There are 2 protein chains.
Amino acid sequence: MAPTFLLFVGTFVHLPRTSPKASKALEIRQGALWVSTADGRIKGSDWSIFNEDDLSLFLRAKGWVISEDEFCCKSKTSVTIIRAREEQNEFFFPGFIDTHIHAPQYPNCGIFGSSTLLNWLSTYVFPMEASFGGSQSSAPPRAYMVYNQVVSRTLAHGTTFASYYGTIHVPATNLLATVCQKRGQRALIGRVCMDRKEKCPDYYRDCSAEESVKLTRDVIAHIRSIDPHGILVKAVVTPRFALSCTEKALTNLSRLANDSSPNLFIQTHIAENKQEVKDVESMYKMKYARVYDKFGLLTPRTILAHGVHLSSSEHKLIHERGAKIAHCPTSNSALTSGICPVRKVLDSGITVGLGTDVSGGYSPSILEVVRQACLVSRLLPAEECRDNCDRCQCERSNDEPSESSSGENTPAESSADQCEDRRSRKCYNPVLSVEEALYLATRGGAAAVNMANELGGFDIGMSWDAQLIQLGAFSPAGKYANGKGHIDIFGWEKWEEKIHKWVWNGDDRNVKGVWVAGKMVFGNRHAECK
Amino acid sequence: MAPTFLLFVGTFVHLPRTSPKASKALEIRQGALWVSTADGRIKGSDWSIFNEDDLSLFLRAKGWVISEDEFCCKSKTSVTIIRAREEQNEFFFPGFIDTHIHAPQYPNCGIFGSSTLLNWLSTYVFPMEASFGGSQSSAPPRAYMVYNQVVSRTLAHGTTFASYYGTIHVPATNLLATVCQKRGQRALIGRVCMDRKEKCPDYYRDCSAEESVKLTRDVIAHIRSIDPHGILVKAVVTPRFALSCTEKALTNLSRLANDSSPNLFIQTHIAENKQEVKDVESMYKMKYARVYDKFGLLTPRTILAHGVHLSSSEHKLIHERGAKIAHCPTSNSALTSGICPVRKVLDSGITVGLGTDVSGGYSPSILEVVRQACLVSRLLPAEECRDNCDRCQCERSNDEPSESSSGENTPAESSADQCEDRRSRKCYNPVLSVEEALYLATRGGAAAVNMANELGGFDIGMSWDAQLIQLGAFSPAGKYANGKGHIDIFGWEKWEEKIHKWVWNGDDRNVKGVWVAGKMVFGNRHAECK
């Protein structure tokens, strides 16, 4: 008999369900949380369980038996216990959501030289993507190898949901969908559309706008055949970006997305690089966001990658249309694209998720993106203004020694407060805290894919899409096991500090288990025992 | 009989010994290189050995026998073979040199909230450092634990040389020197001096300028007692920074360093943060670099950490005095200090090394610093000017598709060329290439500690301070061993691309062995067999 519940016991960390601006504190709870094995959803929690006696009493009160128990009988509810072990500094955390990743570019991670967007595309990206062609009916061996690898690796980094770009090829893109479904990763799968002759290479281009639409339909049909209700895998209409598509393709792809029932997601790139922005404005004679809006591509189901160089009026338009932004700082730094002013984007009301943008981004890890989101936000000048005052320059002069960092006030709060006091609440601080970046990686991403009620946290009723993080116990010098990562927890740290140590130095070694919809999709299945 | 030579066989990668500006290419060689076990120095190399037959012929021609050979006799030269295995994508690389790291702050890695320099010091740094006090004659248990850990961990990350700041405490600082010597890591060891009442907390301060000097002398005496010739460990005079020391302390510490025989190294901080710069200029009524120069602290044996906010005239002065700069980008981003314009510093002729600046920097890994050095350089505007033209603005508009990235030209070169063409060779590109950052991590660091002839490369006569890097063979999806890191080498990559993959996604898992002066100081000693 399969257990009725998975009973997770230990420390649970997530971001409370508030606006990202208010998410300055982690919610850290100890106790138990149970997930139905029937639907993978969180059915309840009890934060009064602190030790084994409590747990026994709890089980007795519920009338639950542990599934390995020899006295288990069908009349009783059985549970499997999965623990986050305190002595190994383990905790459960929501799965990461990668709102922008190019699956076929995975082998190019770390290979981009010192190039910038547009020449990087022709030198590294298009030749790699073109090699996923195969025959009309089947994907080439490379697609099997790379797509299995990228899905396995992202799962191993704790990514439970990924919004993938494939290539222009139907068999390979279909394969990507199948691999995600088989390996249990939630995904949006996009067949890339690019039909503009003068902007796409001859060897890698749709023959026509009609072909862009027809081949996208083929992929949609495949995805609906393997996952009719889109429980794990859904199709996403994917015009590469404004420069690479004809107006006809943009029109028809928009129609396809907006006329389908249910409506389809749309993903594309926007304002990644200054030269790209110039080229788009010169081609279409309007602002970048207006281009997509003109073709009906700015919808509440649209994920726009990057948004580094958008104007305030474009932020306003994107917010009005309900479109989302995938913030990709690893990529934006690596390709010298610049820094997306995330605070400004959030303040304009836009929903923001994080994206690895493999392989403009060098790493398939959202944790690395969390780090870089924090770091690049610390390099933005604190000079932007909420109230449009004239050249309001709040120098980041929260440098003075501050007495205020005890108590509830985090340093971020206190410096923002100082800043606001100084300038009559006209300036603000662009710095993203670790907590805010983790919010974007989980709740933010969930909202970006319109699943804020399903994913991104441990609220009752949500799906158990989660990771078990192991920081490890302190091992004396020279004896530590490399396998547990290179974080040292000395034992005196508060939980908040442990989480910060994880964010700054964690990696896939710290990911001990990953679940999607209550099903373990990565990790040692032996962990699933009492 | 101990072997006479260590014979390293496989792929060797280093940066050629040129100025960093010219170091745009890696030198990648295959063959064998031998190191004397007597002095740990590289005695020769042969780049014509490509297979086992070649190796046998080579050994026969030399008359060398493998030390495990049962026919080994004392009349013959014996060798131990250590291989970088091609099928595991292994290579030898020079050891990393960390020119700026605070050993006692290691437990705080990743703990800094969103604070900036001066409040971070009082909130996180001083309380941690103060806890290393112990008694007058012995260091507390924490110092044993932390110092063993930080030396082990940095060795495990490939750091063969570190310029450490300790605390104000003599026993703990002496212990740090002993630990480095025992574990075989080259180090400069500095007892931190800070005696200015109004700028240092009461609980963590030297009582007087005399005490600063006296206690520094005590540490120097200990270090000379354990390593009289400074082969591995040397003392470095360490005034914390201009704000924390009285003029008397700066004067006397300068005298101590410059009058000792041999002269002692000096290390301190400079122009890390704008508020700090303002405070220093307001206290001393002169530019920051002039303050140190006034007290005789700018010498060819001086390492200045950070240098984020220095003027051109200060660059000129530092260059004239022969002082060095430790570039610490992880720290500078994390603490919102800004970006050090490394290209400008290098162009002014100053020697630059890299520093982790643990724990302003969140990671003890110089490889992480290499990555961040590359990334932050990509966020600097390409607007600075060699020839002082008026507001010369070379927008980073090397974004146009470029045909030129085939052949020898790297993308960095071609984009720099474009830039120079556009502005009549008046502008330049601030972007550091992967190769340049690796140069700073090895040759640059070696020059910063005045050991350019000894360390940082694989030239004949140099010390074998090296790491064996293992990228691992491709493992099919879902089956890869976490222990080998999360880089995927698919098999079609060129060696240059493998190195780039290492830089962008490598970590301590990829460090299989580390040697200092020919002695293995980290790794599996079983690797030391044929």
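Nothing here was measured: the structure is a model prediction, and the numbers come from that model. (Residues numbered from 1 in each chain as written. Chains lettered and ligands numbered in written order. Predicted model: local features only at pLDDT ≥ 70, side-chain atom pairs only at ≥ 80, totals over all residues. Heavy atoms only, no water.)

*Asks:* Quick one: what's the story with the overall build of chain A, residue by residue and with numbers?
*Replies:* A count of helices and strands for chain A gives 15 helices and 18 strands. Across the 530 residues in chain A, those meeting the buried criterion constitute 65%. For chain A, the exposed area adds up to about 18200 Å²; of that, 50% sits on carbon and sulfur atoms. (Helix = DSSP H or I, 4+ residues; strand = E, 2+ residues; numbered from the N terminus. Buried < 20%, exposed > 50% of the residue type's maximum accessible area, 1.4 Å probe, protein only. Areas by Shrake-Rupley, 256 points an atom, 1.4 Å probe, with all protein chains shown as cover.)

*Asks:* Lay out the pairing of strand E1 (residues 5–14) of chain A in plain terms, naming residues and giving numbers.
*Replies:* Residue and element names in this part refer to chain A. Buried residues dominate E1, accounting for 10 of its 10 residues. Summarising the sheet, E1 and strand E5 (residues 77–83) pair through five bridges and their orientation is parallel. Bridged to Phe5 within E5 is Val79. In the sheet, E1 pairs with strand E2 (residues 27–36) via 10 bridges, with the strands oriented antiparallel. By the bridge assignment for E2, Thr11 is matched with Gln30. (Pairing = 2+ DSSP bridges.)

*Asks:* With reference to specific residues and values, describe the nonpolar core.
*Replies:* Judged by nonpolar contacts, the single largest core of 250 residues is most densely connected at Leu438(A), Trp502(A), Leu438(B) and Trp502(B). Each residue touching Trp502(A), except ones within four places of it in the same chain, is listed here: Phe91(A), Phe93(A), Phe96(A), Leu367(A), Arg371(A), Leu438(A), Ile469(A), Leu471(A), Ile487(A) and Asn510(A). (Core = buried A, V, L, I, M, F, W, Y, C linked by side-chain atoms within 4.5 Å. Contact = heavy atoms within 4.5 Å.)

*Asks:* Describe the confidence of the model for chain A, listing the residues and the values that go with them.
*Replies:* All names here are of chain A. Residue-level pLDDT values for chain A average 89, and 86% of them are 70 or greater. Low pLDDT, under 50, characterises residues 388–426; the predicted model gives this stretch 71 contacts beyond four residues in sequence or across chains. Here residues 526–530 is a poorly scored stretch, pLDDT under 50, and it has 14 contacts once near neighbours within four places are set aside; other chains count. Here the predicted complex scores 0.92 on pTM and 0.92 on ipTM. (pLDDT = per-residue confidence, 0-100.)

*Asks:* Talk me through the pattern of salt bridges; I want residue IDs and the actual numbers.
*Replies:* All names here are of chain B. Applying the stated rule across the entire model yields 52 salt bridges over all chains. Residue Arg186 is joined to Asp465 by a salt bridge in which the shortest nitrogen-to-oxygen separation is 2.5 Å. With Arg186 in strand E9 (residues 186–190) and Asp465 in the loop between helix H14 (434–448) and strand E16 (466–470), this pair connects stretches of sequence that are 279 residues apart. By relative accessible area, Arg186 is classed as buried at 6%. (Salt bridge = Lys/Arg side-chain N within 4 Å of Asp/Glu carboxyl O.)

*Asks:* Lay out the environment of Arg142(A) with the relevant residues and their values.
*Replies:* With respect to the helices, strands and loops of the structure, Arg142(A) is situated in helix H3 (residues 141–156). With relative accessibility at 23%, the residue Arg142(A) sits in the partly exposed group. Sequence separation of Arg142(A) and Trp515(A) is 373 residues, and the distance between their C-alpha atoms is 27 Å. In contact with Arg142(A), other than residues within four places in its own chain, are Met128(A), Ser131(A), Phe132(A) and Trp492(B).

*Asks:* Hey, could you go over the pairing of strand E13 (residues 302–306) of chain A for me, with residue numbers and the actual values?
*Replies:* All names here are of chain A. In terms of residue burial, E13 counts as a mostly covered element, since five of its five residues are buried. Here E13 runs beside strand E14 (residues 324–327); their pairing, made up of three bridges, is parallel. Counterpart to Ile303 in the pairing with E14 is Lys324. One crossover worth recording links E13 to the parallel E14 by way of helix H9 (residues 312–321), and it is right-handed. (Right-handed = clockwise from strand over helix to strand, strands pointing away.)

*Asks:* Which residues make up unusual backbone geometry, and what are the values?
*Replies:* The step from Val358(A) to Ser359(A) runs through a cis peptide bond, and the omega angle for that step is 0 degrees. Along the chain, Ser359(A) falls in the loop between strand E15 (352–354) and helix H12 (366–377). A positive phi angle, near 50 degrees, is found at Ala517(A), a position not held by glycine. Along the chain, Ala517(A) falls in the loop between strand E17 (511–516) and strand E18 (519–523). On the accessibility criterion, Ala517(A) (28% relative accessible area) is partly exposed. Although it is not a glycine, Thr336(B) adopts a positive phi angle of roughly 55 degrees.

*Asks:* Give me the lowdown on helix H2 (residues 117–130) of chain B, citing residues and values where you can.
*Replies:* Residues and elements named next belong to chain B. At Tyr124, H2 shows its maximal kink, close to 35 degrees; a proline, Pro127, follows between one and four residues later. Taken across its 14 residues, H2 has 10 buried, putting it largely inside the fold. Of all the residues in H2, the buried ones are Leu117, Leu118, Asn119, Trp120, Leu121, Tyr124, Val125, Phe126, Met128 and Glu129. (Bend = angle between axes of the 7 residues up to and from the residue.)

*Asks:* Account for the interface of chain A and chain B, with residues named and values stated.
*Replies:* Chain A puts 80 residues into the contact, and the matching count from chain B is 81 residues. In total, chain A and chain B occlude about 6600 Å² of area from one another, counting both sides; carbon and sulfur atoms represent 56% of this. Inspection of the chain A/chain B interface yields six salt bridges. Here Arg153(B) and Asp488(A) are joined by a salt bridge, their closest N and O atoms 2.7 Å apart. Here chain A is connected to chain B by 17 residue pairs in polar contact (both at pLDDT 80 or more). (Buried area = accessible area lost by both parts, 1.4 Å probe. Polar contact = N/O pair within 3.5 Å; in protein donor to acceptor, adjacent residues only side chain to side chain.)

*Asks:* Before we move on, can you summarise the side chain of His14(B) with the specific residues and values?
*Replies:* All names here are of chain B. Here His14 shows up in strand E1 (residues 5–14). Taking the relative accessible area as the measure of exposure, His14 reaches 5% and is therefore buried. A distance of 2.9 Å separates the side chain of His14 from the backbone nitrogen of Phe458, its partner in a polar contact. Setting aside anything within four residues of it in sequence, one finds His14 in contact with Leu26, Glu27, Phe93, Pro94, Arg443, Gly457, Phe458 and Asp459.

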